[in-house]
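The chain contents come next:
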Amino acid sequence: MGSVVCKFGGSSVADADQIKKIGSIIRSDTNRRFIVVSAPGKRHKDDQKITDLLYLCHELAAQGLDISEPFHIVRERYLEIACGLKNSLDMQALLKKVEQRIISGASMDYVASRGEHLCALLLADYLGAAFIDAAEVIKFLNNSRVDDITYTLLKERLGEEGLYVIPGFYGSTEKNEIRTFSRGGSDITGAIVAKAVSAKVYENWTDVSGFLMSDPRIVSNPKPMREVTYREIRELAYMGANVFHEEAIFPVHGLNIPINIRNTNSPDDPGTMIVDKRDTGGGIVVGIVGKTNFSLIFIEKLLMNRELGFGRRLFEILESHGISFEHAPSGIDTMSVIVRDDQLKGKKRVLIEDLKKILNADRVEIENGFALITTVGEGMAYRPGIAARLFTALAEVNVNIRIIDQGSSEINIIVGVEAKDYERALNAIYQAFC
Ligand code: ADP
Ligand code: ASP
Ligand code: MG
């Protein structure tokens, strides 16, 4: 039959009632044997995430300040969950130990990891499942990459039968120090476990019934995607569809394990299937997403196209200033580089001087206040008419397209617009394709 790995995100473990829903999801299919959990997330819009509170505790402790206020909120949350689940664990003692470790200077990663650690202990107890500490099985190499030994360790510990709960988000280094993934990293843990057990499917349970075709905060009621490819999802996640951590694709992609994004609050919805290949009969465009806060570095130099090594020198200058770039659309005598605003903080003036001097450029300008919108779909860029439809949609709502970047990938078309036009543009493209 094949086993199923289920990762439950922060909202799915936000309180005891949510965790009870996990119980019925797990019990309804005996193949659901490997469970990865996040730390309790928000119960409502203005609530706080446990992970954020733990980071705050660490920051205060590092400055020798009192952590009792934020830690009190952490404690209350866990005690409330434990009480609601009629847990048999000594939560008070576990929390006391964590508090003491924070005060005595535990590392930031250690402190943050306790969110999932405690949550997994609670869930394992509630489900009567075996708890596997991620520190013992998810191993990082010194360069922060996941060590392949992880898969052997997981296989050794995860048996042919039984139910297992593994905390997401962290592992440990060669020196056995706790190390976390980047934010949202429990998705990666789930994917690693799915690879280790060669799962039939990797279910990622969250608070939406799958990937929506656009950002629900900007486009009203976007349609859910039924099927989307790994490549498409990577483009969408990179540009801000943050339902699923973009790096969580890699462990499962090679093995062709489908990822099913599901809704804990609506478990009968089929959700979105992330697969290797999809039938484009259902529509070429799968999603339209975007991000704001980009700057455009614009460089003009006559006959730039004939100058050997111009691009290399340009990127070397950016590298020497520690600036990473997103895209670099170019013309004959012009090159533009799109970077995130935060990359330029405090560096603008010197960067312009360097670019002018070293490249001997005729004109160098940096403009901020850009938004990028990417329209994603396998094979779309080679379909005649798609680009025309996109540009017409923007023209009809009077949006001036400042950058077009189709790149060499046939999977998306990126347009850059002024931030003030962002929401209008996103809506217009959505209406044109969905
Ligand atoms: P979890 O805690 O379960 O990992 P996340 O908060 O990381 O959940 O991701 C789910 C959230 O992603 C949704 O509640 C939604 O607000 C947001 N989101 C952003 N873009 C999209 C999109 N295109 N489709 C669906 N949800 C999206
Ligand atoms: N709890 C961590 C975070 O908030 C990891 C996760 O939820 O995946 O980023
Ligand atoms: Mg998430």
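Scroll up to find the structure.
Residues numbered from 1 in each chain as written. Chains lettered and ligands numbered in written order. Predicted model: local features only at pLDDT ≥ 70, side-chain atom pairs only at ≥ 80, totals over all residues. Heavy atoms only, no water.

Caption draft 1: Structural context of the site of ligand 2. Residues in contact with ligand 2, as listed here, are Ser38, Thr51, Glu116, Phe169, Arg183, Gly184, Gly185 and Ser186. Serine 38 places a polar side-chain atom, nitrogen or oxygen, 3.1 Å from an oxygen atom of ligand 2. Interatomic distance of 2.8 Å between a backbone N/O atom of glycine 184 and an oxygen atom of ligand 2. Computed on the free molecule, ligand 2 has an accessible area of 260 Å², of which 91% lies beneath the protein chains in the complex. When grouped by side-chain class, the residues that make up the shell around ligand 2 number one nonpolar, five polar and two charged. (Near = heavy atom within 4 Å. Polar contact = N/O pair within 3.5 Å; in protein donor to acceptor, adjacent residues only side chain to side chain. Areas by Shrake-Rupley, 256 points an atom, 1.4 Å probe, with all protein chains shown as cover. Nonpolar A, V, L, I, M, F, W, Y, C, P; charged D, E, K, R; others polar.)

Caption draft 2: View of the environment of glycine 311. Tracing the sequence through the fold places glycine 311 in helix 11 (residues 310-320). In this structure the C-alpha to C-alpha distance between glycine 311 and serine 330, which are 19 residues apart in sequence, comes to 9.9 Å. (Helix = DSSP H or I, 4+ residues; strand = E, 2+ residues; numbered from the N terminus.)

Caption draft 3: Representation of the site of ligand 1. Not every one of the 16 residues close to ligand 1 is listed here, only the nearest: Lys7, Gly10, Thr206, Asp207 and Leu212. Within the side chain of aspartate 207, a nitrogen or oxygen atom sits 2.7 Å from an oxygen atom of ligand 1. Here leucine 212 contributes a backbone N or O atom positioned 2.8 Å from a nitrogen atom of ligand 1. Notes on ligand 1: free accessible area 570 Å², of which the protein chains cover 78%. When its residues are assigned to classes, the shell around ligand 1 shows seven nonpolar, seven polar and two charged.

Caption draft 4: Expanded view of the packing of aromatic side chains. Scanning the entire structure with this criterion turns up five aromatic pairs. With centroids separated by 5.7 Å and ring planes inclined at 20°, the aromatic side chains of phenylalanine 34 and tyrosine 164 adopt a geometry described as stacked. Remark: tyrosine 164 occurs in strand 4 (residues 164-167) and phenylalanine 34 occurs in strand 2 (residues 32-37); sequence separation between them is 130 residues. A relative accessible area of 11% means that tyrosine 164 is categorised as buried. It is arginine 101 that lies over the ring of tyrosine 110; its NZ or CZ is 4.2 Å from the centre. (Phe/Tyr/Trp six-rings, centres within 6.5 Å; stacked < 30°, edge-to-face > 60°. Buried < 20%, exposed > 50% of the residue type's maximum accessible area, 1.4 Å probe, protein only. Lys NZ or Arg CZ within 6 Å of the ring centre and 35° of its normal.)

Caption draft 5: Main features of the side chain of asparagine 260. Secondary-structure assignment places asparagine 260 in strand 9 (residues 259-263). Since its relative accessible area comes to 4%, asparagine 260 is described here as buried. Of note is the side chain of asparagine 260, whose polar atom sits 3.1 Å from the backbone oxygen of proline 270. Each residue touching asparagine 260, except ones within four places of it in the same chain, is listed here: Val201, Tyr202, Glu203, Asn204, Pro270, Gly271, Thr272 and Met273. (Contact = heavy atoms within 4.5 Å.)

Caption draft 6: Looking closely at helix 8 (residues 186-196). Counting buried positions over the 11 residues of helix 8 gives 10, a clear majority of the element. Considered for burial, the residues of helix 8 that qualify are Ser186, Asp187, Ile188, Thr189, Gly190, Ala191, Ile192, Val193, Ala194 and Ala196. Serine 198 sits one or two residues past helix 8 and shows a positive phi near 45°.

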